[in-house]
Structures are given as structure tokens and as C-alpha cells.
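What the coordinates show
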Protein chains: 2
Amino acid sequence: MSRVVLKLGGSVVTEKDQPETVATERLAALADDIAAFDGSLVVVHGGGSFGHHHASEHGVSRTRGAADPAAPRAITGAMRELNDAVVDALADAGVPAVPVHPFSVAVRDEDGSLTLPTAAVAGMLDEGFVPVLHGDVVAHAGEGVTILSGDELVVALAESLAADRVGLCSAVPGVLDADGEVVSTVESFDAVADTLGGSDATDVTGGMATKVRELLGLSAPAHVFDADSVAAFLAGDSPGTRID
Amino acid sequence: MSRVVLKLGGSVVTEKDQPETVATERLAALADDIAAFDGSLVVVHGGGSFGHHHASEHGVSRTRGAADPAAPRAITGAMRELNDAVVDALADAGVPAVPVHPFSVAVRDEDGSLTLPTAAVAGMLDEGFVPVLHGDVVAHAGEGVTILSGDELVVALAESLAADRVGLCSAVPGVLDADGEVVSTVESFDAVADTLGGSDATDVTGGMATKVRELLGLSAPAHVFDADSVAAFLAGDSPGTRID
């Protein structure tokens, strides 16, 4: 049975320009696509208009920490609310989704290296559930908490759970070249470095450049595509950009 | 610096006879006592009228599982709501409390043995936070999910984090003998087996007998007392019953 890690970008599951607004219709359509998948699946979603607002307010990023406990409470609280909406949408479509909150599991050392024990997630998969994780905060040695991005979670989960395929559903149909065309395959960062910028909206977790760099380090092939191609990806096709 | 694991029983933080009702005033008073503690502290709370209702409805206990994903969603959802109330009460009193959701971290094997990675909790303690965990569900090999009690969490955390002292704040002032008097010290289960029954209200996680049996297995001394003695326990005194 194929094991897949699928990330739904923050800009896919939320209306990124409107504070704390779930993209209800888009999410319902994605849930139907996901319900059709027959295999072992982990879902990760980003923060979009839920997490990033609170992260900016508390001045927290992946490297800049907050020692005030109000910061993790506000950020993880907002992200759990979004996670509930994603889990509920999946459940309504018949997906056996269950929530997983990374702040409860993960930790960073002083160098920023992430430890993510996956015993619980693996146990959920074995029991036929679909664990749904989210970008979050994480205790960071000497920093209080920093941001743990959905993309970092995807990389850590894919390695630890020996995923066969990784999919990143984002707001764009793939990695774009200078002419705005989808690059079909990326095999090294240098080949696309010039054309990759940050994302348009406030994004404390890094844009496409960060994504590509992290995905190139994976054992499994990764695919970047938009919401229209989730069904094709889960059916085994290679929509958008393949990063391998 | 002393490291303490303190459990607040479900009947302490909720009105156990009223569905999903937080014991607001009692919780506020406890939070003030906890705020006065100077050391490394982990708080665990039980389910009371939040978790047990949903657990009964779905027919789940520590050994009897549920494969329907609606069961973990309902139980962990209700417990997160209670956890938010406990974290908020502690925060209002100035405790640097942060939420930890055990379903995201723990797993049981086919024999029911618990694995609880504590990297995140340890990281939170190192950063000066007070992690607040709760009774929850847990993925259980071959069973779907079963109940993970607050008492099991206390035992696993105390061992893994090398706690110096363990406190269990319950509805009674200690382990009671046949005459209803507090037993000052318990050193073996046999000595108190006859006088220990189950708890009065519905309790899927076992009563005082289960507590005592588990606490006797700890390296650190454990103390059982009621809400009036939390301040004394945190000050280093030995109120109620000492189990060692």
C-alpha cells in the first residue's frame, strides 16, 4: 500500500488575504479528492491567514524566538482552530481524519535542528486513521518557541515514515520559470535559484525557494501542484513540478 | 531546582456531576497556589465531566478500543476544550502554561504498553514553560484508540523526566482506610487492597486502587491529597498520603 504525505498550503485552505478565514468551498472539494485515495495518508496543512498573523504580532519566525508563553498559546490556539476546520471537512467527506498538534511532539535544539518523534502518527496510520498535522510553534533551546512550518513537517514526516510520495498543493500550479511557465522537473537548486523568490503575502515560513531546497533533500520524489491537481496526484500521476 | 509532576484530578477541575462544566472558582484558587511554586513543573489533568461522557458514549476504556475515527475526534475535542480552560486559568494567575495534547504524542502496542516520547515536554520545561497535559485517547495497535488516563501520564512523565516529587490532587484528602481516615503512608498494595474500591462517579480510567498500584511503581515519592493541600505540597510538605 502506497504511503503518501500530502501538504495543503496555507493559501489553499484559507483565504490568505482575510484574517482567520477558512476557504470552505475549496476545502470541501479537496476533501472529496482525498476521500477517493486508497492508501496510507498523512495530511499536513499550513497556517495561511490563521497562523501568520499571530506569528507576526509576536515577532516569531523559524529562527527568531519568543519567550513569552502568550506567543505559543495564541499561535497554537489559532492553528488548532484551523486544524479543526480541516479535520471536520475531511471527516464530512468520509476521510478517517484525526488531529495531531506538532507543538505537543516536536522540539528544536540550539542549532535549530528539529526532532519530531512519529510514534503516535505511525500508530494512527497502522489503525487506518489519517493524521492531520499543521504548521505550529515548537520549543526551541535558548529561544523560547519558534515557528515550525508545514514544509518542515512534510520533510520530517516523509523521512521518518518512509513515504513513497510527497505532494505539496500550493496556490501555484508548480515551480514557475522566468516566463511564468511550470518547470516539469527540478533536480538541483542551482538550476532554478534565479527564478525563485519569496511568496507574495506575509509568510514567516519562507516561500517556494525554501520549499524546493527542503524537498530536494528527500528520499521520496516530491510534486508541487495546485488544488486542481490533487486528485491526479493521489491517483499516481505527476502533475505540476516533480522535485527529485 | 526541584522538578514536580502535579496531577489535578478530573473531579477537581470539573463539576463531575454536571456534563462539561469547569469548576471555575476551584481552578482559579488552584492556579494561584501553582503560581507561587518556584521550580520545574508539569501539570496533568483528568477528564471529569468532559472526557468520561464521550468515552462512555463511544464504549471506549483503557482496554476496550474504538475504530471509528469519530470517537477520538469527540473525546480529544472535549478534552482540548477542558485543557484550554485549565491553561487559561493558570495563565491568568501568571503561570507560563502551554498546552500539550497526548493523542499527538503517545501510542500503545498490542499488549497495551504505553510509549510517550517526552522530547517536546522536556524542551518546554527547559524554556521555562509549564506544560499542561490531559487525559486523552491514544492509538492502540489492533484496537483503534483506547483511553489514556491522567494517572498513566503522571507515571510515564515522572519516570521519563526524572521528577523529584509527584502530587495527585483528588476529591479526597488522601487514601482512606475502612474508617474513612487518611492513611499517612502506603508502601505496598496488599496493605490497602481491601479498603480501596472504585470511584463513585462513572470513571473509565479506574479509581484509587489503580492510582495507588501505578504510583507504587514510581522511583519518586508520590503524594495524594485534596485541593486544600496543593499549596502545602508545592511548598515541600507531605499532606495527605505518601506513596513510596
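Positioned with a positive phi, Ala162(A) is a non-glycine residue whose angle comes to about 55°. Relative to the helices and strands, Ala162(A) resides in the loop between α6 (150–160) and β9 (165–170).

Turning our eyes to something else, we now look at the packing of helix α3 (residues 48–57) of chain B against helix α4 (residues 70–92) of chain B. Residues and elements named next belong to chain B. Look at α3 against α4: their axes get within 8 Å of each other, and the N-to-C directions meet at 175°. As far as their axial angle goes, α4 and α3 are roughly antiparallel. Residues Phe 50, Gly 51, His 54 and Ala 55 of α3 form the contact with α4, whose participating residues are Ala 74, Ile 75, Ala 78, Met 79, Glu 81 and Leu 82. Residue composition of the contact of α3 with α4, grouped by class: 7 nonpolar, 2 polar and 1 charged.

As a further point, take helix α2 (residues 24–35) of chain A. Residue and element names in this part refer to chain A. Helix length check: α2, at 12 residues, gives a terminal C-alpha distance of 16 Å against a target of 16 Å (1.5 Å per residue), a fit within 8%. The set of residues buried in α2 consists of Leu 27, Leu 30, Ala 31 and Ile 34. Looking down the long axis of α2, one finds its buried residues gathered within 105° of arc, a one-sided arrangement. Looking at the buried positions of α2, the neighbouring elements they touch are β1 (3–8), α1 (10–13), β2 (40–45), α4 (70–92), β9 and α8 (230–234).

Attention now moves to the sheet that holds strand β6 (residues 130–134) of chain A. Remark on secondary structure: sheet strands pair via backbone hydrogen bonds, oriented parallel or antiparallel. One open sheet holds the 8 strands; their spatial order is β3-β6-β2-β1-β9-β11-β12-β10 (chain A), and the pairing between them is mixed. Of all strands in the sheet, those with a lone pairing partner are β3 (97–99) and β10 (185–186) of chain A, marking the two edges.

Attention now moves to the packing of α2(A) against α4(A). Residues and elements named next belong to chain A. Running from N to C, α2 and α4 cross one another at 50°; their axes reach a closest spacing of 8 Å. Here α2 is positioned oblique relative to α4, judged by the angle of their axes. For α2 against α4, the interelement crossing comes out right-handed. Contact residues: Leu 27, Ala 31 and Ile 34 in α2; Ala 85, Val 86, Ala 89 and Leu 90 in α4. Taken together, the residues of the contact of α2 with α4 break down into 7 nonpolar, no polar and no charged.

Below, the discussion takes up the interface of chain A and chain B. Accessible area lost on assembly of the parts is the figure often given for the size of an interface. Contacts between chain A and chain B engage 37 residues on the former and 37 residues on the latter. At the boundary of chain A with chain B, total buried surface from both sides reaches about 2,600 Å², with 67% on carbon and sulfur atoms. Where chain A packs against chain B, one counts 2 salt bridges. Between Asp84(A) and Arg80(B) there is a salt bridge whose closest N-O contact spans 2.6 Å. Between chain A and chain B we count 14 residue pairs in polar contact (both at pLDDT 80 or more) in total. Sorting the residues of the side of chain A that touches chain B by element identifies α4, β3, α5 (119–126), β7 (136–140) and β8 (144–148) of chain A as the ones contributing at least two each. The element best represented in the side of chain A that touches chain B is α4(A), accounting for 7 residues. Class assignment of the residues belonging to the side of chain A that touches chain B gives a composition of 24 nonpolar, 7 polar and 6 charged.

We now examine the environment of His58(B). Residues and elements named next belong to chain B. Position of His 58 among the secondary structure elements: in the loop between α3 and α4. A sequence separation of 17 residues divides His 58 from Ile 75, and the C-alpha atoms of the two residues are 8.9 Å apart. Setting aside residues up to four positions removed in sequence, His 58 forms contacts with Ala 66, Ala 70, Ala 71 and Ala 74.

Turning our attention to the packing of aromatic side chains. Per the counting criterion, the structure on display carries 2 aromatic pairs over all chains. We note Arg213(A) situated over the ring of Phe189(A); from NZ or CZ to the ring centre the distance is 4.0 Å.

Quick look at the relation of the copies chain A and chain B now. Between the two copies, chain A and chain B, the superposition gives an RMSD of 0.0 Å; the rotation angle is 180° and the shift along the axis is 0.0 Å. Here the two chains are linked by the operation of a two-fold rotation axis. When C-alpha positions in chain A are compared against the rotation axis, the closest is assigned to Val105(A), at 2.7 Å.

Residue and element names in this part refer to chain B. Taken together, the 4 strands give an open sheet; going across it, the order is β5-β4-β7-β8, and neighbouring strands pair in mixed fashion. The sheet is open, and its two edges are formed by β5 (114–115) and β8 (144–148), each paired on a single side. Summarising the sheet, strand β7 (residues 136–140) and β8 pair through 5 bridges and their orientation is antiparallel. Each residue of the ladder has a partner; that of Ala 139, found in β8, is Val 145. Its contacts with the sheet place helix α6 (residues 150–160) against β4 (107–108), β5 and β8, and it is angled at close to 80° to β8.

What counts and how
- Each residue is numbered by its place in its chain's sequence as written, counting from 1.
- Chain labels run from A onward and ligand labels from 1 onward, assigned in the order the entries are written.
- A pLDDT threshold of at least 70 governs which residues receive local features in this predicted model, and a stricter bar of 80 or more applies before side-chain atom pairs are shown or counted, although totals over entire chains, interfaces and linings include all residues.
- To get the side-chain values, all heavy atoms of the structure are used, and hydrogens and water are removed first.
- Put simply, DSSP H or I for four residues or longer makes a helix, DSSP E for two residues or longer makes a strand, and each gets a number counted from the N terminus.
- Fitted lines through C-alpha atoms serve as axes, helices being fitted only where they are in contact, and the angles separating the N-to-C directions of these axes extend from 0 to 180 degrees.
- Here is the rule for angles: anything less than 35 degrees is roughly parallel, anything more than 145 is roughly antiparallel, 65 through 115 is roughly perpendicular, and the remaining ranges are oblique.
- A contact between two residues is defined here by any heavy atoms of the two lying within 4.5 Å.
- Residue polarity follows a fixed list, in which Ala, Val, Leu, Ile, Met, Phe, Trp, Tyr, Cys and Pro are nonpolar, Asp, Glu, Lys and Arg are charged, and the others, Gly among them, are polar.
- Multiplying one less than the number of residues by 1.5 Å gives the expected span of a helix.
- The buried label goes to any residue with under 20% of its type's maximum accessible area, the exposed label to any with over 50%, and the partly exposed label to all in between, with areas taken from a 1.4 Å probe on protein chains only.
- Working note: the arc is built from the helix axis to C-beta atom directions.
- Note on pairing: DSSP must find at least two bridges between two strands before they are called paired.
- For any pair of crossing helices, the crossing counts as left-handed if the nearer helix is rotated counterclockwise from the farther one by less than a right angle, and right-handed if it is rotated clockwise.
- Values labelled buried area give the accessible surface lost by two parts on being combined, using a 1.4 Å probe and summing over both.
- Note on definitions: salt bridges are taken to be side-chain nitrogens of Lys or Arg within 4 Å of carboxyl oxygens of Asp or Glu.
- Pairs of N or O atoms within 3.5 Å make up the polar contacts considered here, provided that, within protein, one atom can donate a hydrogen while the other can accept it, and that residues adjacent in sequence are counted only when both atoms are side-chain atoms.
- Stacked, edge-to-face and tilted are the three classes for Phe, Tyr and Trp ring pairs, Trp counted by its six-membered ring, which pair at centre distances within 6.5 Å; planes under 30 degrees apart are stacked, over 60 edge-to-face, the rest tilted.
- Throughout this description, the term charge over a ring refers to an Arg CZ or Lys NZ atom that lies within 6 Å of the ring centre and within 35 degrees of the ring normal.
- C-alpha atoms of residues with pLDDT of at least 70 in both copies form the basis for the least-squares superposition of the copies.

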